[in-house]
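# Architecture at a glance
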Amino acid sequence: MARIGIIGSAGRMGNALQAAVAAAGHDYAGGIDKGGDPLALAQASDVLVDFSAPAALEYNLDAAIHAGKPIVVGTTGLEERHHWLVDAAAVSVPVLQTGNTSLGVTLLSYLVREAAQRLGEDWDIEIVETHHRMKVDAPSGTAILLGEAAARGRGVSLHEEEVRGRDGITGARKAGTIGFASLRGGTVAGDHSVHFLADNERLTLSHLAENRGIFARGAIRAAEWLLDKKAGRYTMPEVLDL
Ligand SMILES: NC(=O)C1=CN([C@@H]2O[C@H](COP(=O)(O)OP(=O)(O)OC[C@H]3O[C@@H](n4cnc5c(N)ncnc54)[C@H](OP(=O)(O)O)[C@@H]3O)[C@@H](O)[C@H]2O)C=CC1
Ligand SMILES: O=C(O)C1=N[C@H](C(=O)O)C[C@H](O)C1
């Protein structure tokens with residue numbers, strides 16, 4: 001049994017995480033939202049779980065470092081500088097950052113990498129995601145994670161090949177690029193499809209989240225897994241042994 005502290009505790013994921021902490025038989029060490037004290041929470045916890053906002057990340061990582069506690073970061077909308085902060089924190093404490101904590105998406109990313117590697121460049125790759133009307137970032141963290149898996153499979157850099165959204169006279173599709181499209185509406189928990197499109201045939205790999213419980217369960221599993229790890233940056237495939 002561990003004491004788990006939640007950052008972003010009053011949010012949609014915060015509520016799902018509190019339920020998952022109880023269901024897994026752990027102690028809820030408490031939670032904070034905007035204006036809360038992450039260091040006090042870290043000191044009262046064995047492990048932190050952060051599903052809040054990019055602006056909070058630096059303070060949350062500092063709190064984990066100063067209290068010497070592991071942290072799971074599920075917040076999306078992260079930029080390059082946030083990843084540097086994660087790398088720096090991982091020198092001192094165990095950190096797991098991911099755009100999606102579900103088992104299904106973790107396996108999907110593996111399948112996408114395999115497909116991208118085997119199908120070759122004449123198969124165009126397009127990633128489409130759909131989320132609820134309240135989501136504030138695009139493309140989703142999961143879409144980016146899947147794009148990175150596809151780019152790894154092809155042995156290219158996502159940063160150099162990505163095309164985010166199209167509008168106007170875009171010209172014909174450039175070979176080798178990886179496209180992203182985002183839909184927002186309703187209460188969709190999170191749908192992701194990776195389309196591989198060739199001449200006269202198409203392959204689509206999809207994951208549909210029916211509720212936030214799947215993300216919360218995966219995050220708690222990641223938090224449990226981090227407890228006895230040494231400092232370092234870890235991934236969901238390591239947690240799930242994939
Ligand atoms: N990795 C994954 O598997 C998943 C990731 N996510 C990501 O998790 C994040 C949260 O999603 P969701 O719960 O839907 O969003 P919500 O907006 O419902 O919740 C966010 C919570 O974070 C709090 N918060 C905002 N700023 C800070 C801050 N500076 N310090 C502490 N708390 C803060 C908010 O508090 P307040 O209301 O006071 O501002 C709010 O309670 C998003 O980035 C989302 O994309 C979501 C699902 C799965
Ligand atoms: O904001 C959400 O809701 C979700 N965010 C994550 C993302 O950006 O991929 C994970 C999930 O799709 C739900």
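What you see as residue numbers is a count from 1 along each chain, following the sequence as written. To label them, take the chains in the order written and letter them from A, then take the ligands in the order written and number them from 1. Restriction of local features to residues with pLDDT of at least 70 applies here, the model being predicted, together with a cutoff of 80 or more for giving and counting side-chain atom pairs; totals for whole chains, interfaces and linings are based on all residues.

## Examining the overall build of the chain
Our working rule: Helix and strand definitions follow DSSP, with helices as H or I runs of at least four residues and strands as E runs of at least two, each counted in order from the N terminus. Here the globule rule is a power law, 2.2 Å times the number of residues to the power 0.38, and the radius of gyration is based on C-alpha atoms. Exposure classes come from backbone-placed C-beta atoms, where a residue is buried if 20 or more other C-beta atoms lie within 10 Å of its own, exposed if 12 or fewer do, and partly exposed in between.
Of regular secondary structure, the chain possesses nine helices and eleven strands. Against the compact-globule benchmark of 18 Å for 242 residues, the chain has a radius of gyration of 18 Å, which places it among compact chains. Here the C-alpha coordinates of the chain stretch approximately 55 × 35 × 30 Å along the principal axes. For the chain, with 242 residues in total, the buried portion stands at 39%.

## Let's talk about the site of ligand 1
We apply this condition: A residue counts as near a molecule or strand when its C-beta atom, positioned from the backbone, falls within 6 Å of it. Classification used: nonpolar for Ala, Val, Leu, Ile, Met, Phe, Trp, Tyr, Cys and Pro, charged for Asp, Glu, Lys and Arg, polar for all others including Gly.
Near ligand 1 there are 26 residues, and of these Gly-8, Gly-11, Met-13, Ala-56 and Gly-74 occur at the shortest range. For the shell around ligand 1, the per-class residue count stands at nine nonpolar, 14 polar and three charged.

## With respect to the sheet that holds strand β8 (residues 178-184)
Basically, it comes down to this: DSSP-based pairing: two strands are paired if at least 2 bridges between them are found. Between N-to-C directions, angles cover 0 to 180 degrees, with each direction set by a line fitted to C-alpha atoms, over the stretch in contact for helices. Contact between two residues is assigned when their C-beta atoms, built from the backbone, lie within 7 Å.
Across the sheet, which stays open at both edges, the five strands sit in the order β7-β8-β6-β9-β10 with mixed pairing between neighbours. Of all the strands in the sheet, the pair left with one neighbour each is β7 (162-164) and β10 (201-209). Neighbour-to-neighbour, the strand axes of this sheet turn through a mean angle of 20 degrees, independent of strand direction. Bridging between strand β6 (residues 124-131) and strand β9 (residues 190-198) involves seven bridges; their strand directions are antiparallel. Each residue of the ladder has a partner; that of Glu-126, found in β9, is His-195. Docked against the sheet, helix α5 (residues 103-119) engages β6, β9 and β10, running at close to 165 degrees with respect to β10.

## Here we look at the site of ligand 2
Taken together, Thr-76, Gly-99, Asn-100, His-131, Lys-135, Ser-140, Gly-141, Thr-142 and Gly-190 are the residues near ligand 2. When grouped by side-chain class, the residues that make up the shell around ligand 2 number no nonpolar, eight polar and one charged.

## Some words on the sheet that holds strand β11 (residues 232-234)
In space, the six strands of this open sheet follow the order β2-β1-β3-β4-β5-β11, with parallel pairing throughout. Two strands close off the open sheet at either side, each with one partner strand: β2 (27-32) and β11. Averaged over all pairs of adjacent strands, the angle between their axes in this sheet comes to 20 degrees, without regard to strand direction. With four bridges connecting them, strand β1 (residues 3-7) and strand β3 (residues 47-50) associate as parallel partners. By the bridge assignment, Gly-5 is partnered in β3 with Leu-48. Contacting β4 (71-73), β5 (94-97) and β11, helix α4 (residues 80-89) crosses the sheet at an angle of about 150 degrees to β5.

## Quick look at the domain arrangement of the chain
Stated precisely, the cut-off is as follows: Domain delimitation in this document rests on an assignment produced automatically or drawn from a domain database.
According to the domain assignment, the chain consists of domain 1 (3-97 + 212-239) and domain 2 (103-209). Contacts between domain 1 and domain 2 engage seven residues on the former and nine residues on the latter. Looking at the side of domain 1 that touches domain 2, the elements with two or more residues in it are α8 (213-226) and α9 (236-239).

## Considerations on the pairing of β2
Two faces, one strand: in a regular strand the side chains alternate between the faces of the sheet. As judged from the five bridges shared by β1 and β2, these two strands associate in the parallel manner. Paired with Gly-5 across the bridge in β2 is Gly-30.

## Examining the pairing of β8
Taken together, the seven bridges between β6 and β8 define a ladder with parallel strand orientation. Its bridge partner lying in β8, Glu-126 is registered against Gly-179. As paired elements, β7 and β8 share three bridges and run parallel to each other. Its bridge partner lying in β8, Glu-162 is registered against Ile-178.

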